[in-house]
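If you want the building blocks of each chain, they are given just below.
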Amino acid sequence: MSALAPSRATRWVVSIVVIAFFAIPLLATFLYTIKMPDCSYSLKRWASLADPAMAATLKPIWTGLGNSLVLAAVTVAIVLLVLAPTMILVNLRFAKLKPVFEFVALLPISIPAIVLVVGLAPIYLQIGRTFGTGTWTLAFAYGITVLPFAYRSIKAAMDAVDLRTLAEAARS
C-alpha cells in the first residue's frame, strides 16, 4: 500500500459515514410513511397506492410522476441529440472553436438562475403560443440548466477515446 493511502480503518469509517449520510434520511422517510396516527406501524398507506377506490385521490400524484418522467426523458433527449453531435463536430472539424464552444456551454453554470428566468420568459411566451404550454416544454429550460454538467461528462468520455481515429474507421 502507498504511504499516502488511508488506512483500512479510515476507509471503513469514511464508508460508514457516507452510507449513514444517505441511508438515515431514506429510512426516516420510509418510517414516516408507515407510522400511523396512533403510533403503530402499518403498510396500509403503501397498499392504498394500488387500491382502485383511492384512484381519484392519487391521480395528481401519478400525473406528477408521469410529468416528471416525461420531463426527464425529453431533457436527456435534447441534451444528447443536440450537444453530443455538436461536440463531435467541433472536435473533428472546427478545433479552433473549442474554447468558444466550451465557454458558451459552461456559461449557464455561472449565470444566476434569476437571470436565466428573466431571459427565458420572452422565449417561453413564444414557445407557449407556438407549441402549447405542456409540461414537456419546460425541458428546454432544464436542458440549458444541465448543459454544463452534460458537457463535462461527454467531454470526459470523448477525451478518453481517439475521436479522429474512430471517425476515420466509421468512414471506411
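Check the entry above for the structure.
Structure report, in brief.

Calculation criteria
Residues numbered from 1 in each chain as written. Predicted model: local features only at pLDDT ≥ 70, side-chain atom pairs only at ≥ 80, totals over all residues. Heavy atoms only, no water. Helix = DSSP H or I, 4+ residues; strand = E, 2+ residues; numbered from the N terminus. Rg over C-alpha atoms; globule rule 2.2 N^0.38 Å. Expected span 1.5 Å × (residues − 1). Bend = angle between axes of the 7 residues up to and from the residue. Contact = heavy atoms within 4.5 Å. Buried < 20%, exposed > 50% of the residue type's maximum accessible area, 1.4 Å probe, protein only. Patch = residues over 30% accessible without salt bridge, like charges linked within 9 Å, V, L, I, M, F, W, Y side chains within 5 Å. Areas by Shrake-Rupley, 256 points an atom, 1.4 Å probe, with all protein chains shown as cover. Salt bridge = Lys/Arg side-chain N within 4 Å of Asp/Glu carboxyl O. Lys, Arg positive; Asp, Glu negative; His and termini not counted. Charge placed at Lys NZ, Arg CZ, Asp CG, Glu CD. Axes fitted to C-alpha atoms, helices over the stretch in contact; angles between N-to-C directions. Parallel < 35°, antiparallel > 145°, perpendicular 65-115°, else oblique. Nonpolar A, V, L, I, M, F, W, Y, C, P; charged D, E, K, R; others polar.

What to know about the overall build of the chain
Within the chain one finds seven helices and zero strands. Along the chain, helices and strands appear, N-terminal first, in the series α-α-α-α-α-α-α. Since a compact globule built from 172 residues should have a radius of gyration of about 16 Å, the 24 Å found for the chain marks it as more spread out than a globular shape. With the C-alpha coordinates of the chain rotated into their principal frame, the extents come out at 70 × 65 × 40 Å.

Re helix α4 (residues 98-110)
The periodicity of an α-helix, 3.6 residues per turn, causes residues three or four places apart in sequence to face the same way. Under the 1.5 Å per step criterion, the end-to-end length of α4 is 18 Å for 13 residues, consistent within 8% with the ideal 18 Å. Its axis deflected by about 25° at Val104, α4 carries its strongest bend there, up to four residues before the proline Pro108. In this structure, the buried residues of α4 make contact with α3 (55-92), α5 (113-131) and α6 (138-160).

Description of unusual backbone geometry
In this model, Cys39 sits at a positive phi of 70°, which is unusual for a non-glycine residue. Note on placement: Cys39 falls in the loop between α1 (8-34) and α2 (44-47). Overall, the relative accessible area of 53% leaves Cys39 in the exposed class.

Remarks on a positive patch on the surface
Taken together, the side chains of Arg93, Lys98, Arg164 and Arg171 define a basic patch exposed on the protein surface. Relative to the helices and strands, Lys98 is located in helix α4. According to the relative accessible area criterion, Lys98 is partly exposed, its value standing at 34%.

As for the packing of α3 against helix α7 (residues 163-171)
It is at 10 Å that the axes of α3 and α7 come closest, and there the two elements cross at 100°. On the basis of the axis angle, α3 is roughly perpendicular to α7. Contact with α3, carried on its side by Ile88, Asn91 and Leu92, involves Leu163, Arg164 and Ala167 of α7 and no other residues of that element. Looking at the contact of α3 with α7 residue by residue, the class counts come to four nonpolar, one polar and one charged.

A short note on the pattern of salt bridges
Once the charged atoms of two side chains with opposite charge are near each other, the side chains can pair. Under the criterion given, the structure shown has two salt bridges. Across the salt bridge formed by Glu102 and Arg152, the nearest N and O atoms sit 2.8 Å from each other. With Glu102 in helix α4 and Arg152 in helix α6, the pair connects residues that are 50 residues apart, well separated along the chain. Judged by relative accessible area, Arg152 falls into the partly exposed class, the value being 42%.

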